[in-house]
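Coordinate analysis (summary)
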Amino acid sequence: QVQLVESGGGLVQAGGSLILSCAASGSIFRGNVMAWYRQAPGKQRELVADITSGGTTAYADSVKGRFTISRDNAKNTMSLQMNSLKPEDTAVYYCNLRRIWPATDYWGQGNQVTVSS
């Protein structure tokens, strides 16, 4: 019912910036949490940041102060502004939407972010 389409990502030098975007379509309802996850080679997928429909945000300690998550409820879009990128940020980044009730997860296709040293 819900489809998530991601854009952005790519190759950037350490210290640079990138913006990831996610557009949701389909049966979108109020009461959901959108998030960005990432998975590096050989590592478990981890939560990077999330944001509620009310605008409350949370960040992983590793990106706090460098990344900013935002959403536009009118457009059903979400973005991740990534600044001061480090090589350890290299991963595939996934958009996620979790509907609160009934609890359901939807995932984007993933985008590669590579940060060179």
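Structure: see above.
So, here's what we can say about the structure.

Conventions used here
Residues numbered from 1 in each chain as written. Predicted model: local features only at pLDDT ≥ 70, side-chain atom pairs only at ≥ 80, totals over all residues. Heavy atoms only, no water. Helix = DSSP H or I, 4+ residues; strand = E, 2+ residues; numbered from the N terminus. Pairing = 2+ DSSP bridges. Axes fitted to C-alpha atoms, helices over the stretch in contact; angles between N-to-C directions. Buried < 20%, exposed > 50% of the residue type's maximum accessible area, 1.4 Å probe, protein only. Phe/Tyr/Trp six-rings, centres within 6.5 Å; stacked < 30°, edge-to-face > 60°. Lys NZ or Arg CZ within 6 Å of the ring centre and 35° of its normal. Core = buried A, V, L, I, M, F, W, Y, C linked by side-chain atoms within 4.5 Å. Contact = heavy atoms within 4.5 Å.

1. Description of the environment of Pro 102
- For Pro 102, the location among the structural elements is in the loop between strand E9 (91-99) and strand E10 (104-107).
- A C-alpha to C-alpha distance of 31 Å links Pro 102 and Gln 112, two positions 10 residues apart in sequence.

2. Points about the sheet that holds strand E1 (residues 2-7)
- Taken in spatial order, the four strands line up as E1-E3-E8-E7 in an open sheet, and their pairing is antiparallel. Taken across any chain shown, the strands that pair with only one partner, and hence form the sheet edges, are E1 and strand E7 (67-72). Adjacent strand axes in the sheet meet at a mean angle of 15°, parallel and antiparallel pairs treated alike.
- Relative to strand E3 (residues 18-26), E1 is paired through six bridges, and the arrangement is antiparallel. Bridge assignment links Val 5 to a residue of E3, and that residue is Ala 23.

3. Considerations on unusual backbone geometry
- Note the cis peptide between Trp 101 and Pro 102, where omega equals -10°.
- With a phi close to 55°, Asn 76 is a non-glycine residue in the positive phi region.
- Tracing the chain through its elements places Asn 76 in the loop between E7 and strand E8 (77-82).
- Residue classification places Asn 76 among the partly exposed residues on the basis of a relative accessible area of 26%.
- For Ser 84, which is not a glycine, the phi torsion comes out positive at approximately 50°.
- Within the secondary structure layout, Ser 84 lies in the loop between E8 and E9.

4. A word on the pairing of E10
- The pairing of E9 with E10 spans four bridges and is classified as antiparallel. Across the sheet, residue Leu 97 finds its bridge partner in E10, namely Tyr 106.
- Joining the antiparallel neighbours E9 and E10 is a turn of four residues.

5. Points about the packing of aromatic side chains
- In this structure the tally under the stated criterion is one aromatic pair.
- Taking the ring centre of Tyr 94 as reference, the NZ or CZ of Arg 45 above it sits at 3.8 Å.
- In this structure, Arg 45 is placed above the aromatic ring of Trp 107, and the distance from its NZ or CZ to the ring centre is 5.0 Å.

6. A word on the pairing of E3
- Two elements, E3 and E8, share six bridges in a ladder whose sense is antiparallel. From the neighbouring strand, Ile 19 faces E8, where its bridge partner is Gln 81.

7. Considering the nonpolar core
- Core analysis: the biggest nonpolar cluster contains 28 residues, and Trp 36, Leu 80, Met 82 and Tyr 93 have the highest contact counts within it.
- For Tyr 93, the contacting residues outside a window of four places in its chain are Glu 6, Leu 20, Trp 36, Tyr 37, Arg 38, Val 48, Phe 67, Leu 80, Met 82, Gly 110, Asn 111 and Val 113.

The analysis is restricted to geometry; functional conclusions fall outside its scope.
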